[in-house]
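Working through the structure, step by step
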Amino acid sequence: MTGNDIARRVARRLALALVALLIGASAHAQVKVTYVSNAGFLLEGGGKKVLIDALYDEGIIGYSRIPKDMKKLLRDADPPFDGVDLVLLTHHHADHFGPRTVTRHMRANPNATMICPPQVRDKLERHIKKYPGVAKRIVTHYPEEGKSVTGTYGGVEIEILNLHHGLNRPENTENLGFILKLGGMNVLHVGDTEARSRVFELYNFKERQIDVALLPAWLVSYDHWGLAVHEVIQPRHIVAMHMPLRDAPGNFFGLHGSYDVRKDTMKMMFPKAVLPETPGEELTFEPEVGE
């Protein structure tokens, strides 16, 4: 075998290795979003799993509740909810967080880290005090408005934001927003925020290049909130969430008056937005070509 033959073989092997590497990278460069219920999702990308606002107990009348069989899988950390790396909770309301379900999942999934605001941790105390293995894996953050906390938890790079739940409410609900770097993409979940452009502008969203934004229905079906989404957040993809059920009381739909009117308004304002309606529904997003 000549030196040229050896060189050609080496070059061919290197080329094949590069192709395999690119294929492997491409397989990880995507985010799979599985709808659990209401504002709850399982996010998967880059070999990581994240549950966000998906571990609640009974929920609230008027909004989607977790099906009984899915709730058992969540509590027992059974597939597809096994091996979750990170559990995120935006705030303490019963349609986003349930102390019994959270505690059971964290016990069944001993490797998960949980991030939540202090109000959630306070409501968990009675349930986790007997389980030090759970307590030591709970991280609390509540940065000042306009500031954020960054870190890597469970192998996932994340930025934590303060996005207010509403300024004219009787209680001050600590509501967190999360930006995750997952599967080569930036994924945003804003919890139940009622923030408008002024607050979002504090976080320089235009520079963050949000690939997938999980946004409550009101942000994508009212002009004053929609303006913030269009002009400030500017996500490539929108997954709408926290939509009242069709048979919810009429006041749940505000000026829209009904489920169908609000959904039509959303599609008019954001034609490419997706509204998952069936627990277990899956969506897959990939980076733009050339990213």
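What you see is a predicted model, and the numbers here were worked out from it, not measured in a lab.

Quick word on the overall build of the protein
Helix and strand counts for the protein stand at eight helices and 13 strands. Burial statistics for the protein: of 291 residues in total, 52% are counted as buried. When contacts within the protein are restricted to residue pairs at least 6 apart in sequence, long-range pairs at least 24 apart make up 68% of them. Split by element, the accessible area of the protein, about 14,000 Å² in all, is 53% carbon and sulfur.

Overview of helix H7 (residues 223-233)
Here H7 has its buried residues at Trp225, Gly226, Ala228, Val229, Val232 and Ile233. Turning to H7, the residues buried within the fold contact strand S10 (185-189), helix H6 (197-201), strand S11 (212-216), strand S12 (237-241) and helix H8 (259-269). Immediately beyond the C-terminal end of H7, within one or two residues, lies Gln234, with a positive phi of roughly 50°.

Examining the confidence of the model for the protein
Put simply, the protein has an average pLDDT of 91, and 89% of its residues get 70 or more. pLDDT under 50 marks residues 15-27. Its contacts with residues more than four places away, or in other chains, come to zero contacts.

Describing unusual backbone geometry
A negative phi holds for most residues other than glycine; trans holds for most peptide bonds. The omega torsion across Pro79 and Pro80 is 5°, close enough to zero to call that bond cis. Mapping Pro80 onto the fold places it in the loop between helix H2 (68-76) and strand S4 (86-88). One non-glycine residue, Asn38, lies in positive phi territory at about 55°. Residue placement: Asn38 occurs in the loop between strand S1 (31-37) and strand S2 (40-45). A relative accessible area of 1% means that Asn38 is categorised as buried.

What about the sheet that holds S4?
With mixed pairing, seven strands are arranged side by side in an open sheet as S6-S5-S4-S3-S2-S1-S13. Edge positions in the sheet fall to strand S6 (138-140) and strand S13 (282-285), since each has one partner strand and no second. Neighbour-to-neighbour, the strand axes of this sheet turn through a mean angle of 20°, independent of strand direction. Summarising the sheet, strand S3 (residues 48-52) and S4 pair through three bridges and their orientation is parallel. Within the sheet, the bridge partner assigned to Leu51 lies in S4 and is Val87.

Observations concerning the nonpolar core
Of all hydrophobic cores here, the largest spans 34 residues; its most connected members are Leu188, Phe200, Phe205, Leu215 and Leu219. Contributions of two or more residues to this core are made by H6, S11, H7, S12 and H8. Filtering out sequence-adjacent residues up to four positions away, Leu219 remains in contact with Val190, Thr193, Ala195, Phe200, Trp225, Gly226, Val229 and Phe270. Listed in part, the 27 residues of the second largest apolar core include Leu43, Ile115, Tyr153 and Met241.

What to know about the layout of surface pockets
Space inside the largest pocket adds up to approximately 260 Å³. The wall of the largest pocket is formed by 13 residues, among which Tyr63, Arg169, Glu194, Trp218 and His242 lie closest to the centre. Volume-wise, the second largest pocket comes out at about 180 Å³. For the second largest pocket, the lining is made up of 14 residues, of which Tyr35, Met243, Leu245, Tyr259 and Glu277 are closest to its centre. Taken together, the residues that form the lining of the second largest pocket break down as nine nonpolar, three polar and two charged.

A word on the pairing of strand S9 (residues 176-182)
The buried count for S9 comes to six of seven residues, which makes it a mostly enclosed element. In this structure, strand S8 (residues 156-162) lies alongside S9, joined through six bridges in antiparallel fashion. Paired with Asn162 across the two strands is Leu176, which belongs to S9. Where S9 meets S10, five bridges bridge the pair, whose relative direction is antiparallel. Looking at S10, one finds that Leu182 is bridged to Met185. Taking the residues that link successive antiparallel strands as the turn, the S9-S10 hairpin has two residues, and the phi of Gly183 there is positive, at about 60°.

Considerations on the packing of aromatic side chains
Counted by the stated rule, this structure contains five aromatic pairs. With 5.7 Å between their ring centres and 55° between their planes, Tyr35 and Phe41 make a pair best called tilted. Each member of the pair, Tyr35 as well as Phe41, is classed as buried. With a centroid separation of 5.6 Å and an interplanar angle of 75°, the aromatic rings of Phe200 and Phe205 are classed as edge-to-face.

Thresholds, definitions, all that
Residues numbered from 1 in each chain as written. Predicted model: local features only at pLDDT ≥ 70, side-chain atom pairs only at ≥ 80, totals over all residues. Heavy atoms only, no water. Helix = DSSP H or I, 4+ residues; strand = E, 2+ residues; numbered from the N terminus. Buried < 20%, exposed > 50% of the residue type's maximum accessible area, 1.4 Å probe, protein only. Contact = heavy atoms within 4.5 Å. Areas by Shrake-Rupley, 256 points an atom, 1.4 Å probe, with all protein chains shown as cover. pLDDT = per-residue confidence, 0-100. Pairing = 2+ DSSP bridges. Axes fitted to C-alpha atoms, helices over the stretch in contact; angles between N-to-C directions. Core = buried A, V, L, I, M, F, W, Y, C linked by side-chain atoms within 4.5 Å. 1 Å grid on protein atoms, 1.4 Å probe; cavity = no way out; pocket = protein on both sides within 12 Å on 5 of 7 lines; lining within 4 Å. Points joined across faces, edges and corners; volume = space filled by probe spheres on them. Nonpolar A, V, L, I, M, F, W, Y, C, P; charged D, E, K, R; others polar. Phe/Tyr/Trp six-rings, centres within 6.5 Å; stacked < 30°, edge-to-face > 60°.

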